[in-house]
Amino acid sequence: SSLTMLGVGASQKLFLSVNGSDDEITHLQSKPIIVKEDIATVVGTTAYKALDDSDRVFEMLRSTSPGLKLAVIGNPEWVPRALQGKKDVVICGLLTRANVIHYLRKSRYYISTTCIENSYNAAAEGIFLADESYISDIGPHRELLINEHFEEISVPGIGRTLLKVKRNSLSGANLKTWNAVVSEMIAKYREALKGL
């Protein structure tokens, strides 16, 4: 998806590696029984993550699940004041990657209303670990969902389409292990060196 932003022909000259998805692949293959908590999780608090829109998704979900809590992972200083004061919002702060994965695994919902991303890594973690996800309709997310089942939805107050994804309907066919990613990178380097 990022290569298409560089213009025609760039994809023939450049190689862009994806991140490995070992945690997601392991989770899909092992089918662990994890008791989900009544949590919707958002990862990232920078402005382009559009937390106000994430809150709108959360409110839509909470209308049918009144006990739902919103967990916001990221720098607490960047969380909008309106969210900081809500009793059903838990500001988790900065967490280690292992703790982020733990949160996503126990979450009923993953929400990502980000306006832009250069890769689908964060969305992959969310959609393959939480039961149900609501993610923005952007190039990297569409790339992640090639040949996967999802719905386009509208959420009140958000002027753009979101994608609704259920983990149980995903195959994970687009995911790669870190070993596969490294092997691809080595092959590309060797190919490039032949031309020198």
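An account of the accompanying structure is given in this report. Treat the numbers as computed from the prediction; the structure is a model and nothing was measured.

## Regarding the sheet that holds strand S5 (residues 132–136)
Point 1. Judged by pairing direction, the sheet is mixed, and its 7 strands sit side by side in the order S3-S2-S1-S4-S5-S7-S6 without closing on themselves. The open sheet terminates on both sides in strands that have one partner only, identified here as strand S3 (89–93) and strand S6 (151–153). For this sheet, the mean inter-axis angle between neighbouring strands, taken without regard to orientation, is 25°.
Point 2. By the bridge criterion, 4 bridges tie strand S4 (residues 107–112) to S5 in an arrangement that is parallel. The residue bridging Ser112 from the neighbouring strand is Ile135, located in S5.
Point 3. Lying on the sheet, helix H3 (residues 51–62) is in contact with strand S1 (37–43), strand S2 (69–73), S4, S5 and strand S7 (162–166); it crosses S4 at an angle near 145°.

## Topic: H3
Point 1. Relative to the 16 Å expected for 12 residues at 1.5 Å per residue, H3 spans 16 Å between its end C-alpha atoms, a close match to the ideal helical length.
Point 2. Along H3, the positions that sit buried rather than exposed are Leu51, Asp53, Ser54, Asp55, Val57, Phe58 and Leu61.

## Some details on unusual backbone geometry
Point 1. In this model, Ala50 sits at a positive phi of 50°, which is unusual for a non-glycine residue.
Point 2. Located in the positive-phi region is Asn147, a residue other than glycine, with phi close to 65°.
Point 3. Note that Asn147 resides in the loop between helix H7 (139–144) and S6.
Point 4. A residue is classified by how much of its surface remains accessible, and Asn147, at 76% relative accessible area, is exposed.

## Focus: the packing of aromatic side chains
Point 1. Following the criterion strictly, the structure yields 1 aromatic pair and no others.
Point 2. A ring pair is formed by Tyr109 and Tyr134, whose centres lie 6.4 Å apart and whose planes are at 50°; its orientation type is tilted. A residue pair is termed long-range when its members are at least 10 positions apart, and Tyr109 in strand S4 and Tyr134 in strand S5 qualify at 25 residues.
Point 3. Lys106 extends its terminal NZ or CZ atom over the ring of Tyr103, reaching a point 4.6 Å from the ring centre.

## Description of a nonpolar patch on the surface
Point 1. A cluster of nonpolar residues, Trp178, Val182 and Ile186, forms a patch on the protein surface that exposes about 260 Å² of accessible area.
Point 2. On the secondary structure map, Ile186 appears in helix H8 (residues 178–194).

About the cut-offs
Residues numbered from 1 in each chain as written. Predicted model: local features only at pLDDT ≥ 70, side-chain atom pairs only at ≥ 80, totals over all residues. Heavy atoms only, no water. Pairing = 2+ DSSP bridges. Helix = DSSP H or I, 4+ residues; strand = E, 2+ residues; numbered from the N terminus. Axes fitted to C-alpha atoms, helices over the stretch in contact; angles between N-to-C directions. Contact = heavy atoms within 4.5 Å. Expected span 1.5 Å × (residues − 1). Buried < 20%, exposed > 50% of the residue type's maximum accessible area, 1.4 Å probe, protein only. Phe/Tyr/Trp six-rings, centres within 6.5 Å; stacked < 30°, edge-to-face > 60°. Lys NZ or Arg CZ within 6 Å of the ring centre and 35° of its normal. Patch = residues over 30% accessible without salt bridge, like charges linked within 9 Å, V, L, I, M, F, W, Y side chains within 5 Å. Areas by Shrake-Rupley, 256 points an atom, 1.4 Å probe, with all protein chains shown as cover. Salt bridge = Lys/Arg side-chain N within 4 Å of Asp/Glu carboxyl O.

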